[in-house]
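One letter stands for each residue in the lines below.
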Amino acid sequence: MPAAAVSPVLDQIDATLPAALERLMDLLRIPSISTDPAFKPDCARAADWLVAELQALGFDASARPTPGHPMVVAHGSSGTGPHLLFYGHYDVQPVDPLSLWHRDPFDPAIEETAKGRVIRARGASDDKGQLMTFIEACRAWKAVHGTLPGKLTIFLEGEEESGSPSLIPFLKANAEELSADVALICDTGLFGETPAIVTMLRGLLGEEFTIRAASRDLHSGMYGGLAQNPIHVLTRILAGLHDAEGHVQVPGFYDGVSELSDDLRAQWQNLAFDHARFLGDVGLSVPAGEQDRTPLEKLWSRPTAEVNGIWGGYTGDGFKTVLPGEAHAKVSFRLVGQQDPDTLRQAFRSWVEAQLPADCSVTWKGHGNSPASVMAIGHPAFAAARAALTEEWGMPAAFIGAGGSIPVAGYFKTYLGLDAILLGFGKDDDQIHSPNEKYDLTSFHKGIRSWARVLEKLA
Ligand code: BES
Ligand code: ZN
């Protein structure tokens, strides 16, 4: 594609930004919370909305039913270049606690802030604003050139935030239809203000469990001192998850974890990560976790164990002198290197079970389960994408890691044989998964322009 082809597209993007924003706001008004069955019709509505948008752009698009929420698949073609598969997700996280939002999470608005204009709504950054950057780049290209910018398949998931239960079966059943030369995933962020391509992602393992002692809740005066308290048992076990230096104590936990290569260590050193500022932005000052590791290692290349929730007994208003019969917890592990999720699940369960005192039992509910993945940065498309980002942002694009998990990146390789390029425009302060999520207008605008440039170089 001649480089001149992109310049009128960039002008078109600039000139039509208000209309692009209106469309994003329409999508943000649909409360597509995938984990909550009450929002199932809204997830279907978001999928249908996207299908209609893509059809209007000339894609052959449809919403494909799954046992969960629909997948959106759209094919469009022009030219003879490589075939690109774009991935994003239209589902969002729950909004609670709603009381901490300063507006309705599904009534989006443009707000002026000290750091510039933002689009405020659940999903603005993760991932509706991001997936729309790609669709809007296609729209502008079509408006200027009359055709789409290449051979494209757009694949949008509606279950990413709830563990992607339908994804692997769908990829297996539709492998031929989804075949392409390389995948593009827009679900990550910038590195501070620097454009970035994510080259490694941590995996995820989720566990939920209940420890039971007495056969019912008891009066804590009548039974306390003699009866076993399952909250004490649960918190004692979880307090032993890390030693004083922050190392995870589950036997075998570090099997398959490798040290950073000298090359990568040097690259990350050059990124000059300001961890004091990163922590300071959320009211913290002292790095926690493994004391013998650098901040970026801790975030990107070291595994973690985090307690995500604990409950039991009486937590409502007022006070109740209860000695509970049950205690509950949710724990997740971020995985790196060759750590095997199935092996670790078993290791964690055995470790907990071995510590149960008399009269206590445990039941398990397994959640997320995906290994870490490392991208093939030697693929020529990486250099092209990097050059496109560098042009748009006026500074060299960084290769970074990501602490979060995007299981589809690994699945594309396993089930479709596809290498994936992860690039996105979110910011650290977007408050994804938290109250008052936002997406900067500059992320949206420059994100669309970035994709136009990437498509010009790749398609
Ligand atoms: N977009 C995020 C992952 C992410 C966050 C990448 C920040 C880079 C920077 C994604 O939607 C997400 O939140 N994934 C979940 C995993 C899922 C299985 C619930 C996560 O990482 O917790
Ligand atoms: Zn996401």
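Worth saying up front: this structure is predicted, and the values here are computed from it rather than measured.

## What to know about the overall build of the protein
Turning to step 1, where the next piece is worked out: What the protein contains, in helices and strands, is 13 helices and 18 strands.
Turning to step 2, where the next piece is worked out: Over its C-alpha atoms the protein spans a radius of gyration of 24 Å, differing by no more than 12% from the 23 Å that the globule rule assigns to 459 residues.
Turning to step 3, where the next piece is worked out: With respect to the three principal axes, the spread of C-alpha positions in the protein is 80 × 50 × 50 Å.
Turning to step 4, where the next piece is worked out: Taken as a whole, the protein presents about 19700 Å² of accessible surface, with 53% of it coming from carbon and sulfur.
Turning to step 5, where the next piece is worked out: Side chains of the protein give 38 positive and 57 negative charges; the mean places of these two sets differ by 1 Å.

## Concerning the site of ligand 1
Turning to step 1, where the next piece is worked out: Ligand 1 sits among 13 residues. The nearest are Glu160, Asp187, Arg334, Ser405 and His433.
Turning to step 2, where the next piece is worked out: Between glutamate 160 and ligand 1, the recorded distance is 2.8 Å, taken from a side-chain N or O atom to an oxygen atom.
Turning to step 3, where the next piece is worked out: At 2.8 Å from a nitrogen atom of ligand 1 is found a side-chain nitrogen or oxygen belonging to aspartate 187.
Turning to step 4, where the next piece is worked out: Looking at the shell around ligand 1 residue by residue, the class counts come to three nonpolar, five polar and five charged.

## Quick notes on the nonpolar core
Turning to step 1, where the next piece is worked out: Within the largest apolar cluster, 105 residues are counted, with the highest numbers of intra-cluster contacts made by Leu50, Phe59, Phe155, Leu156, Phe412, Phe444 and Trp451.
Turning to step 2, where the next piece is worked out: With nine residues, the single largest contributor to this core is helix H4 (residues 124–145).
Turning to step 3, where the next piece is worked out: If near-sequence neighbours (up to four positions away) are discounted, phenylalanine 444 is found in contact with Leu17, Ala20, Leu21, Leu24, Ile119, Gly129, Met132, Thr133, Glu136 and Tyr439.
Turning to step 4, where the next piece is worked out: If you look at the next biggest cluster of nonpolar residues, it comprises 26 residues, including Phe209, Ala213, Leu234 and Ala329.

## Quick look at the coordination of the zinc ion (ligand 2)
Turning to step 1, where the next piece is worked out: Protein-derived coordination of the zinc ion (ligand 2) comes from His89 (NE2), Asp126 (OD), Asp187 (OD) and Asp187 (OD), at a distance range of 1.8 to 2.6 Å.
Turning to step 2, where the next piece is worked out: Given six donor atoms and angles of 53 to 161° at the metal, the environment of the zinc ion (ligand 2) is assigned as irregular.
Turning to step 3, where the next piece is worked out: All donor residues of the zinc ion (ligand 2) come from one chain, and their arrangement in sequence is H-x36-D-x60-D. Here the residue histidine 89 occupies a position in strand E3 (residues 83–89), and aspartate 187 occupies one in the loop between strand E7 (182–185) and strand E8 (196–201), the gap between them amounting to 98 residues.

## A closer look at the packing of helix H2 (residues 17–28) against helix H3 (residues 40–56)
Turning to step 1, where the next piece is worked out: It is the contact of H2 with H3, at a shortest axis distance of 10 Å, that shows an interaxial angle of 155°. What the angle tells us is that H2 and H3 run roughly antiparallel. The residues of H3 that touch H2, namely those facing Arg23, Asp26 and Leu27, are Ala46, Trp49, Leu50 and Glu53.
Turning to step 2, where the next piece is worked out: Class assignment of the residues belonging to the contact of H2 with H3 gives a composition of four nonpolar, no polar and three charged.

## Side note on the pattern of salt bridges
Turning to step 1, where the next piece is worked out: Counted according to the given criterion, the structure contains 31 salt bridges.
Turning to step 2, where the next piece is worked out: Where aspartate 26 meets arginine 29, a salt bridge forms, and the shortest distance between an N and an O atom there is 2.7 Å.
Turning to step 3, where the next piece is worked out: You can call aspartate 26 partly exposed: its relative accessible area is 35%.
Turning to step 4, where the next piece is worked out: Arginine 29 gets classed as partly exposed once you look at its relative accessible area, which sits at 38%.
Turning to step 5, where the next piece is worked out: As a salt-bridge pair, lysine 438 and aspartate 430 come within 2.8 Å of each other at their nearest N and O atoms. In this structure, lysine 438 and aspartate 430 share a single accessibility class: buried.
Turning to step 6, where the next piece is worked out: Taken together, the shared-partner salt bridges connect Asp14, Glu391, Glu392, Lys446, Arg449, Arg453 and Lys457 into one network.

Quick notes on the rules
- Residues numbered from 1 in each chain as written.
- Chains lettered and ligands numbered in written order.
- Predicted model: local features only at pLDDT ≥ 70, side-chain atom pairs only at ≥ 80, totals over all residues.
- Heavy atoms only, no water.
- Helix = DSSP H or I, 4+ residues; strand = E, 2+ residues; numbered from the N terminus.
- Rg over C-alpha atoms; globule rule 2.2 N^0.38 Å.
- Areas by Shrake-Rupley, 256 points an atom, 1.4 Å probe, with all protein chains shown as cover.
- Lys, Arg positive; Asp, Glu negative; His and termini not counted.
- Charge placed at Lys NZ, Arg CZ, Asp CG, Glu CD.
- Near = heavy atom within 4 Å.
- Polar contact = N/O pair within 3.5 Å; in protein donor to acceptor, adjacent residues only side chain to side chain.
- Nonpolar A, V, L, I, M, F, W, Y, C, P; charged D, E, K, R; others polar.
- Core = buried A, V, L, I, M, F, W, Y, C linked by side-chain atoms within 4.5 Å.
- Buried < 20%, exposed > 50% of the residue type's maximum accessible area, 1.4 Å probe, protein only.
- Contact = heavy atoms within 4.5 Å.
- Donors = N, O, S within 2.8 Å, 3.2 Å for Na, K, Ca; no water.
- Tetrahedral: all angles 85-135°; square planar, octahedral: opposite > 155°, others 65-115°.
- Axes fitted to C-alpha atoms, helices over the stretch in contact; angles between N-to-C directions.
- Parallel < 35°, antiparallel > 145°, perpendicular 65-115°, else oblique.
- Salt bridge = Lys/Arg side-chain N within 4 Å of Asp/Glu carboxyl O.

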